[in-house]
Amino acid sequence: MLSGFITCQKCGCAITAEIKKQKYIYYHCTNGRGNCDQKSQNAKEEVIDSYIAKDMEELYISQKMVDIVYKAKLEELADLETYENHALNTVQKALESLKTRRSRLVDTFTTGDIDEALYRHKLQTIDNEEVTLTKQSEQLQIENPNPYATIELVYNRFKQGNTMAERYKTASPEQKRIILSESLSNSFLLNRNIVDLQYQKPYSDFRNLPKKPSFLEMRRRGDSNSRGLSPWRFSRPLH
Ligand SMILES: [Zn+2]
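Now for a look at the structure at hand. Quick caveat: nothing in here was measured; it's all calculated off a predicted structure.

1. Remarks on the overall build of the chain
Consideration 1: Along the chain, the regular secondary structure elements total 7 helices and 6 strands.
Consideration 2: Secondary structure elements of the chain occur, N-terminal to C-terminal, as β-β-β-β-α-α-α-α-α-β-β-α-α.
Consideration 3: By residue count, 17% of the 239 residues in the chain fall in the buried class.
Consideration 4: A sequence separation of at least 24 residues applies to 56% of the contacts in the chain between residues at least 6 apart.

This is the structure in structure tokens:
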């Protein structure tokens, strides 16, 4: 049941299951490199299993706080969107006004009011500005295509984290494997015990939060980006 999710802490080899007396399942290092003493350290499945279930309880975070931060994230996003729409509007207006300036310049040149050198110079300036503004406009339109979906997804992950321990405890071995594959990244076994249980994002963030985090802790945790409020943002897309 747990094979594939755990690695030997000492040598980094995979952990394998062994059935003893036709009913007890034990896990130990496969000793793939031939020099690991953990091959003879047999860890009982029940022990490891209850360790995992207990650890999953740490993913619980006050639902009230999750809801508060969720609302704040939505409001913040609405503000950001207002700002981005405003910025896009400004850039598009500037692009429009360049067209007007160009046509006026052409008129001035045609009527002979400026010489050709000045005309070419001014035309070049307008062209350069147009390139810059077009780039800005494109940039504003491609950033984070669906931020609302990300927020909904993280909110759902919080809920899943909150119920994970309970779901795990009552799950069938097959369901347990599904829960583990959706939540663990890698874990390590040493001397018949799990010594390091690692979760995938965003569960790893939840695991590190106190059960009753403050508003700021919830927003700031892992935050390396001024616009990103981890665990509400991901560098990798979720599925
Ligand atoms: Zn080993």
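Text resumes after the structure shown.
2. Comments concerning the packing of helix H1 (residues 45-56) against helix H4 (residues 147-170)
Consideration 1: One way to put it is that H1 packs onto H4 with a least axis distance of 7 Å and a crossing angle of 155°. By the criterion of interaxial angle, the relationship of H1 to H4 is roughly antiparallel. On the side of H1, the interface is formed by Ile-52, Ala-53 and Met-56, while H4 contributes Met-164, Ala-165, Tyr-168 and Lys-169.
Consideration 2: Residues that form the contact of H1 with H4 fall into these classes: 6 nonpolar, no polar and 1 charged.

3. Some remarks on unusual backbone geometry
Consideration 1: For the bond from Lys-201 to Pro-202, the omega torsion is 0°, close enough to zero to count as cis.
Consideration 2: For Pro-202, the position within the fold is in the loop between strand S6 (193-199) and helix H6 (203-208).
Consideration 3: Despite not being glycine, Lys-21 shows a phi value in the positive range, around 50°.
Consideration 4: Counting through the fold element by element, Lys-21 comes out in the loop between strand S2 (15-20) and strand S3 (24-29).

4. Digging into the pairing of strand S5 (residues 184-190)
Consideration 1: With 3 bridges connecting them, strand S1 (residues 6-8) and S5 associate as parallel partners. When the bridges of S5 are listed, Ile-6 appears paired with Ser-187.
Consideration 2: If you look at the hairpin formed by S5 and S6, you'll find 2 residues sitting between the two strands, and Asn-191 has a positive phi there, around 50°.

5. Concerning the nonpolar core
Consideration 1: Formed by 28 residues in total, the largest nonpolar core has its most connected members in Ile-6, Ile-15, Tyr-27, Ile-48, Leu-189 and Phe-206.
Consideration 2: Put simply, the parts of the chain that give this core at least two residues each are S1, S3, H1, helix H2 (63-110), H4, S5, S6 and H6.
Consideration 3: Sort the elements by how many residues they give to this core and H4 lands first, with 4 residues.
Consideration 4: Not counting chain neighbours up to four residues away, the residues in contact with Ile-48 comprise Leu-2, Tyr-27, Ala-43 and Ile-194.

6. Points about the packing of H4 against helix H5 (residues 173-183)
Consideration 1: Interhelical geometry of H4 versus H5 gives an angle of 150° and a closest axis separation of 9 Å. With respect to their mutual orientation, H4 and H5 come out roughly antiparallel. For the pair formed by H4 and H5, the contact residues are Met-164, Arg-167 and Tyr-168 on the first element and Lys-176, Ile-179 and Ser-183 on the second.
Consideration 2: Grouping the constituent residues of the contact of H4 with H5 by class yields 3 nonpolar, 1 polar and 2 charged.

7. Focus: the sheet that holds strand S4 (residues 43-44)
Consideration 1: Pairing is antiparallel across the open sheet formed by 3 strands, whose spatial order is S2-S3-S4. In the strand order of this sheet, the two ends are held by S2 and S4, each with one partner.

Basis of the calculations
- Residues numbered from 1 in each chain as written.
- Predicted model: local features only at pLDDT ≥ 70, side-chain atom pairs only at ≥ 80, totals over all residues.
- Helix = DSSP H or I, 4+ residues; strand = E, 2+ residues; numbered from the N terminus.
- Buried ≥ 20, exposed ≤ 12 C-beta atoms within 10 Å, placed from the backbone.
- Contact = placed C-beta atoms within 7 Å.
- Axes fitted to C-alpha atoms, helices over the stretch in contact; angles between N-to-C directions.
- Parallel < 35°, antiparallel > 145°, perpendicular 65-115°, else oblique.
- Nonpolar A, V, L, I, M, F, W, Y, C, P; charged D, E, K, R; others polar.
- Pairing = 2+ DSSP bridges.
- Core = buried A, V, L, I, M, F, W, Y, C linked by C-beta atoms within 7 Å.

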